[in-house]
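# Descriptive structure summary
Below are the chains, spelled out letter by letter.
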Amino acid sequence: MTRLRLEGRLAAMARPVFGSTALRWLAYLALCAAYLQGGLVKLSDFPAAMAEMAHFGLAPAPVFAGLVIALELGASALILIGRLRWLGALALGGFTLLATLLALRFWELPPGQERFMAANSFSEHLGLVGGFLLVAWLDLREKEAA
């Protein structure tokens, strides 16, 4: 069997599961999970959300806390309901990039375990940004094809 035929057969076996809309929605949910959790936690403990904004030098803290909550929950909702999914994905991707550059400045830390962990977290967050860019790209591509 040629390699191309084998790849085609493997894809045909995987498609019913990995091509399903239910699995795709679960993937969106997994991608948004940290933002849903973060928004809900900030909403349930607004003083702590304000303290977090102040910790990162964002003032006025109540305004930034409210904006972050609205962005995390609103953009996640756009992705999950499929309306303006591309916009929600770009919003969370941009937010993640900015927050990563603000909060995970590993290059400023001395060599050691803390720097290593911050660098790993920085890279993981860049992976999330890539995931959101992919969601936006796929959504816009599907809209163009329709």
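Scroll up to find the structure.
If you're wondering where the values come from, they're calculated on a predicted model, not measured in any experiment.

Here is what the cut-offs are and how they apply
Residues numbered from 1 in each chain as written. Predicted model: local features only at pLDDT ≥ 70, side-chain atom pairs only at ≥ 80, totals over all residues. Heavy atoms only, no water. Core = buried A, V, L, I, M, F, W, Y, C linked by side-chain atoms within 4.5 Å. Buried < 20%, exposed > 50% of the residue type's maximum accessible area, 1.4 Å probe, protein only. Helix = DSSP H or I, 4+ residues; strand = E, 2+ residues; numbered from the N terminus. Contact = heavy atoms within 4.5 Å.

As a further point, take the nonpolar core. If you look at the biggest cluster of nonpolar residues, it comprises 12 residues: Y28, L31, C32, Y35, A75, I79, L80, A89, L92, F132, V135 and A136. Residue assignment for this core shows that the elements contributing at least two residues are α2 (21–44), α4 (61–81), α5 (85–103) and α6 (113–145). Ranked by the residues each element gives to this core, the list is headed by α2, at four residues. Once residues within four sequence positions are removed from consideration, V135 is found in contact with Y28, L31, R85 and A89. A49, M53, A65 and V68 belong to the second largest nonpolar core, which has five residues in total.

With that settled, consider the side chain of R85. Assignment of secondary structure puts R85 in helix α5. If we ignore the near neighbours within four places in the chain, the residues touching R85 are Y28, L78, I79, L80, V135 and D139.

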